[in-house]
Amino acid sequence: MDLSVRIGALTLKTPLLSASGCFGYGVEYAGVVDLSSLGAVVVKGLFLNERSGHPPPRIVETPAGMLNAIGLQGIGVRRFVREKLPELRKRGATVIVNVCGTTIDEYVEVTRILSDADGVAAIELNISCPNIKEGGISFGCDLGNTHQVVSAVRRATTLPLIPKLTPNVTSVASFAKAAEEAGADAVSLVNTFLAMAIDVETRRPRLSNVMGGLSGPAIRPIAVRMVYECSRLVRIPVIGIGGITSAADVVEFVIAGATAVQVGTASFVDPFIWGKLEAGVRDYMTRHRIERIADLTGTVDVPGEKRT
Ligand SMILES: Cc1cc2nc3c(=O)[nH]c(=O)nc-3n(C[C@H](O)[C@H](O)[C@H](O)COP(=O)(O)O)c2cc1C
């Protein structure tokens, strides 16, 4: 049985990746999960410099999900390379770094530093965080800006480049296309949905940042629809993200068109989820006589639609 998948020049052992921001810098989970057994560890978003993020409260539980407005707290790219990357290397993890920026120059600079470091397998370009005022989503919500930032980073690295798209747009597929045309090797989607919760007793927003990003099972059907739409429009691989809690959810994204998936919120609920997901995917493949998971990608059977 072959669980490996290809993302550009990169071959991943399995299609199961940790989602950025939900797995720290990976090393924090080394006692819980064998990091080398994951398809890849996608680490928390990194800017050039350290950031403290937003003040608490930064997290609120919602029906079938959660809101967060962490504000991309992080140690900065240089400390990551110095303090975390050697440990990740030692543990045999395939490391994908989520790169953030407030300007195109910053995205390029962070990417250059990571490209010169030993042990980074790919760059996930975060142009989709809804929780910061400058940079991030302002690139991901404008087709021209998306093309510009992806092109600039493309010129700065030979590493596989994976722009991470926001669902907070009318047509996410057109952004996937813009990223592809700018030289992306794959796209990942979705980041969180801009959302809000209010404490009705105090009439105060529940998050200090007023708004935050919704994740978890509540968003899954929307994310599946977006993966389906994007994978129909682009030739590059699509990495599906949003509300995965079970092997059936993984398989659903793959059938919709995903080559690989990322799991975020569910790993807070169950840090041991990884082995269960892999076992469940293997069980599905056995029952359906599928030898290579890659053969399942985009096999959704829409009545009346011709399969390619
Ligand atoms: C607490 C938290 C922090 C996150 N931080 C990041 C981040 O740094 N960069 C990023 O691209 N996405 C970040 N995300 C979004 C997730 O990577 C993922 O796209 C989203 O949560 C949907 O997947 P899920 O429903 O499996 O959690 C964060 C999500 C949560 C819940």
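Above this text you will find the structure in question.
Before going into details, it helps to say that this report is about the structure given with it. Model, not experiment: these values are computed from the prediction.

Regarding the site of the ligand
Around the ligand sit 24 residues in total, of which S20, K164, G216, G243 and T265 are the nearest. In this structure, an oxygen atom belonging to the ligand sits 2.8 Å away from a side-chain N or O atom of K164. For the ligand, an oxygen atom lies 2.6 Å from a polar atom in the side chain of T265. Counted by class, the shell around the ligand contains eight nonpolar, 14 polar and two charged residues.

Things to note about the nonpolar core
Formed by 102 residues in total, the largest nonpolar core has its most connected members in F80, V97, L114, L125 and L189. Not counting chain neighbours up to four residues away, the residues in contact with V97 comprise V43, L46, F80, L114, V120, A122, I123 and E124.

Description of unusual backbone geometry
Cis geometry marks the peptide bond from P56 to P57; its omega dihedral reads 0 degrees. Mapped onto the fold, P57 is located in the loop between β4 (40-46) and β5 (59-62). Here the bond from L189 into V190 is cis, since omega is 20 degrees, no more than 30 degrees from zero. Mapping V190 onto the fold places it in the loop between β10 (187-189) and β11 (193-196). Phi at L72 is positive, roughly 55 degrees, even though this residue is not glycine. In this structure L72 comes out as buried when scored by relative accessible area, which is 6%.

Basis of the calculations
- Residues numbered from 1 in each chain as written.
- Predicted model: local features only at pLDDT ≥ 70, side-chain atom pairs only at ≥ 80, totals over all residues.
- Heavy atoms only, no water.
- Near = heavy atom within 4 Å.
- Polar contact = N/O pair within 3.5 Å; in protein donor to acceptor, adjacent residues only side chain to side chain.
- Nonpolar A, V, L, I, M, F, W, Y, C, P; charged D, E, K, R; others polar.
- Core = buried A, V, L, I, M, F, W, Y, C linked by side-chain atoms within 4.5 Å.
- Buried < 20%, exposed > 50% of the residue type's maximum accessible area, 1.4 Å probe, protein only.
- Contact = heavy atoms within 4.5 Å.
- Helix = DSSP H or I, 4+ residues; strand = E, 2+ residues; numbered from the N terminus.

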